[in-house]
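In case you want the letters, here they are:
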Amino acid sequence: MPCRRAIPEIPDHPADGPPGQQPVHAQEARWQLASLLGDHAESRPSQADYASATALAFQPRQQEDQPHIVLAEAGTGVGKTLGYLAPASVWARKNGGTVWVSTYTRNLQHQIDQELDRLYPDPVDKALKAVVRKGRENYLCLLNLEENTQIASTRPSEAVGVGLMARWVLATRDGDLSGGDFPGWLPELLGRARTLGLADRRGECIFAACHHFNRCFVERSIRRAKRAEIVIANHALVMVQSALGGGDDGSVPSRLVFDEGHHLFDAADSAFSAHLSGLEGQEMRRWLLGAEGSSRSRARGLRRRIEELLSDEGMLNTLGLLIRAAHALPGDGWQNRLIDDAPSGAIEAFLSALRRQVLARQTEQDRGYSLEADASPANDDLLPLADDARSALIALREPGLTLKKAPRRPVGG
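The rules behind each value
Residues numbered from 1 in each chain as written. Predicted model: local features only at pLDDT ≥ 70, side-chain atom pairs only at ≥ 80, totals over all residues. Heavy atoms only, no water. Axes fitted to C-alpha atoms, helices over the stretch in contact; angles between N-to-C directions. Helix = DSSP H or I, 4+ residues; strand = E, 2+ residues; numbered from the N terminus. Parallel < 35°, antiparallel > 145°, perpendicular 65-115°, else oblique. Left-handed = near helix turned anticlockwise from the far one by under 90°. Contact = heavy atoms within 4.5 Å. Nonpolar A, V, L, I, M, F, W, Y, C, P; charged D, E, K, R; others polar. Core = buried A, V, L, I, M, F, W, Y, C linked by side-chain atoms within 4.5 Å. Buried < 20%, exposed > 50% of the residue type's maximum accessible area, 1.4 Å probe, protein only. Phe/Tyr/Trp six-rings, centres within 6.5 Å; stacked < 30°, edge-to-face > 60°. Salt bridge = Lys/Arg side-chain N within 4 Å of Asp/Glu carboxyl O.

Interhelical geometry of helix α2 (residues 26–37) versus helix α3 (residues 45–54) gives an angle of 135° and a closest axis separation of 8 Å. Overall, the two elements α2 and α3 adopt an arrangement that is oblique. Crossing of α2 against α3: the hand is right-handed. Side by side, α2 and α3 meet where Ala26, Ala29, Arg30, Leu33 and Leu37 of the first sit next to Gln47, Ala48, Asp49, Ala51 and Ser52 of the second. Looking at the contact of α2 with α3 residue by residue, the class counts come to six nonpolar, two polar and two charged.

Let us look at the nonpolar core. Membership of the largest hydrophobic core comes to 28 residues, with the highest contact counts inside it found for Phe58, Tyr84, Leu85, Val99, Val101, Leu116 and Ile230. Of all the elements in the fold, those that place two or more residues in this core are α2, α3, α4 (80–95), β1 (99–103), β2 (130–132) and β3 (230–234). Here the element with the most residues in this core is α4; it accounts for eight residues. Residues contacting leucine 85, with those up to four places away along its chain left out, are Val101, Glu115, Leu116 and Ile230. With 27 residues, the next largest nonpolar core counts Met315, Leu319, Leu382 and Leu403 among its residues.

Evaluation of the coordinates by the stated rule reveals one aromatic pair. Both rings, one in tryptophan 168 and one in phenylalanine 182, keep their centres 5.0 Å apart while their planes meet at 80°; by these two values the pair is edge-to-face. With tryptophan 168 in helix α8 (residues 159–171) and phenylalanine 182 in the loop between α8 and α9 (186–190), this residue pair connects regions lying 14 residues apart in the sequence. Accessibility classification places tryptophan 168 together with phenylalanine 182 in one group, the buried group.

Before going further, it helps to examine the pattern of salt bridges. This structure, assessed with the given rule, holds 22 salt bridges. Glutamate 9 is the partner of arginine 215 in a salt bridge, and the nearest nitrogen-oxygen pair spans 3.7 Å. Pair noted here: arginine 215 is in the loop between α9 and α10 (217–227) and glutamate 9 is in the loop between α1 (2–6) and α2, with a separation of 206 residues, a long-range link. In this structure glutamate 9 comes out as partly exposed when scored by relative accessible area, which is 46%. Taking the shortest distance from any N to any O, the salt bridge between lysine 94 and glutamate 28 comes out at 3.2 Å.

Treat this as a map of the structure, not an account of what it does.
Structure representation (structure tokens):
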């Protein structure tokens, strides 16, 4: 595959030590802001005051479990982005550390990234010191592109689309399909499957087993973020990492700036809660069972991922219980089965009953994609099916918790 040969491998670097603890003084923040704005910038005292106030968040801790927190509100036109980037960049350079800047939307991430051109005018320097981090589903998967290339070799009609995507892959900064340098007109020209459909899909990544692993855009962004000065993330990613106890390598940023902080609560609600939906159930089933039937998915089931790591027969039996229980989750085609009122399994039966109740209680004005209905009183058939769904989820939960605590066989032992 030409793209594989042309994309450079991700360089290996020794692990860095912890960052220093040097403070950022208010005057340093003001000086840095003035440097970012340039000699001919309009004088905005409120922006300088904002920068000096946010510098307090970058002081070293005086007591255990008592971080410095600054809640700052700035009106439109103050210039808060450069206001907090000034002390953040000073701290990163003085201490050899990384500051994570988290905002609400991907568009805002790219706006902040553009502001960083002032801090890093040299594109090569910026590529090393500023990284945009998003969820895996935002990046092109090189293995997906390779598979499309193989398909195109037997279908000439696919060749143009594959060629255009390959050209973009060779030129892109980070493989981000949701913004940045990705041409927004390509999906309309080539179709979603040949463009956005090449993204990393949840549950299908084979990680180090992939021969593109050392060129992978997702892995590249993860490794670059470890050595960057400024990482531009979003609330959803930061909250998910918090829920999981750390980032991809288990680390937690020591300095965080939350832009658009009033949206943080919604992001936390999503990250620290569970969703019982057909789509989430289908994703869980795929994660547990892997690809089923004639699916072209590369998703590997849990058995293939951990069977060799389990240390005794009892744990293997527990894994078997979990795998069997996973068949109660919605499978491929669950949407059509709900429409046909022909559910398969306890969870689909419950969702089908919910759908019937919602449709029965909607009004003509409600027809559309966002249908709602009162949950109480429940239809006669709903509560028994809810009990069956609950039992199915318990059957998943109990062996899952047991496996979580299971001793692991050493790799190579």
